[in-house]
Amino acid sequence: MFSLQTHVIICVSFFAAMIAVAMGGNALQAAGVVHDLGALRTPFLILIFILFLGFGFSAIPVMVKIVLGFQRQLGNKNVPAVAAALRAENRIIYAIWALLAAGLVVAIPAAIKGGLFDPPGIEPAGGSVAQTASDGDFGATSGTLVARPGMLMSQMVHASSLAIDPARQSTWTGSVVGGQVFDFHIAGTNIVFPRCRYYFVAPYTREPRRIESINIGVSPSAIGPGELERSNASLRQKLAADGWLAGHEEYRGEEDRTLHGGASRGPEGSLWLKNGIVLRIGARRIDDAVEGEHARTAGRWIQFVDLWQHDDYPNIERYAFAPQSK
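Everything numeric here is computed off the predicted structure, so don't read it as measured data.

Caption draft 1: Quick look at the side chain of Glu89. By the secondary structure assignment, Glu89 is in helix α4 (residues 89-113). Looking at Glu89, its side chain comes within polar contact range of the side chain of Lys65, at 2.9 Å. If we skip the residues at most four places from it in the chain, Glu89 touches Val64, Lys65 and Leu68.

Here's what the structure looks like:
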């Protein structure tokens, strides 16, 4: 067994790596390099989980050595119980590791089955993401979630008829997640999404009582590419009718325009703005690609929306907003 100093270095290194990976992911999203982890989400969660386990296991010898070392410093090394513990120091550490490992053998498979590495909020109890999105009979809605970025979490709970279970709050991020059938009303607007499938409400790191961003799975069920495009078009019309402005990226520099084939602006329709709230329309494929499939007709998809306050949206200075082009 290593010295106490070596074990402290190992333990601190695991903790620092865990923090660095989490902060690095947040920095990439804040810089706009990554908008949605997508396929990287599961490897990222696995890495964080491995570092967390490493930190937990490496903390055991640190605690055992500190406790026994303290007893030695107090002059208790000749006390029978302390002397026996000092002689069995390594065996104590190995025994605790064995107990932790045995618990993990039972807990990890159950946690994975329960959605440990699944996208937040997509998996309600009793089915995979694909099963959840493909089912046709979801029953009655559980209520209406009323929220918008910048709102206090307590205001969201008070304004919503949907019962928001505190037990569904993520212990790692402080975010509120859920996976039942519900309606979603963007507070302060006339936009209501009926029969949504999941929600993920993330708070500000610096102000955890206030909402920074919201991700809502708005598809009642999995749909094909054609139906997805019709759903996107319908949502664009709905947003325009409610007074939302359509956003497009401005290619202002010569290098930027060259990278985009000489165009001076990007397409519109995915990003929208009203009352200081930015809404992004997105889609996520929930089945696996098949070799030889046709991109325009392949896959089962769910539509989702992201909402941010204007000044918090990554690289918002690159975008301009105006009434939707006819």
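The structure having been displayed, the exposition proceeds.
Caption draft 2: Up close: a nonpolar patch on the surface. Taken together, the side chains of Leu4, Val8, Val12 and Ile66 make up a nonpolar region of the molecular surface, amounting to roughly 300 Å² of accessible area. Take the nonpolar patch: its biggest share by element is three residues, from helix α1 (residues 4-30). Its place among the elements puts Leu4 in helix α1.

Caption draft 3: Broad picture of helix α7 (residues 225-241). For α7, built from 17 residues, the straight-helix expectation of 24 Å at 1.5 Å per residue is met to within 8% by its first-to-last C-alpha distance of 24 Å. Along α7, the residues classified as buried are Pro225, Leu228, Asn232, Leu235, Arg236 and Leu239. All buried residues of α7 project into a common sector of 105 degrees when viewed along the axis, lining one side. Turned more than 90 degrees off the buried face of α7, the exposed positions are Arg230, Gln237 and Ala241. Buried residues along α7 sit against β4 (192-196), β8 (271-274), β9 (277-285) and β10 (301-309).

About the criteria used
- Residues numbered from 1 in each chain as written.
- Predicted model: local features only at pLDDT ≥ 70, side-chain atom pairs only at ≥ 80, totals over all residues.
- Heavy atoms only, no water.
- Helix = DSSP H or I, 4+ residues; strand = E, 2+ residues; numbered from the N terminus.
- Polar contact = N/O pair within 3.5 Å; in protein donor to acceptor, adjacent residues only side chain to side chain.
- Contact = heavy atoms within 4.5 Å.
- Patch = residues over 30% accessible without salt bridge, like charges linked within 9 Å, V, L, I, M, F, W, Y side chains within 5 Å.
- Areas by Shrake-Rupley, 256 points an atom, 1.4 Å probe, with all protein chains shown as cover.
- Salt bridge = Lys/Arg side-chain N within 4 Å of Asp/Glu carboxyl O.
- Expected span 1.5 Å × (residues − 1).
- Buried < 20%, exposed > 50% of the residue type's maximum accessible area, 1.4 Å probe, protein only.
- Arc of directions from axis to C-beta.

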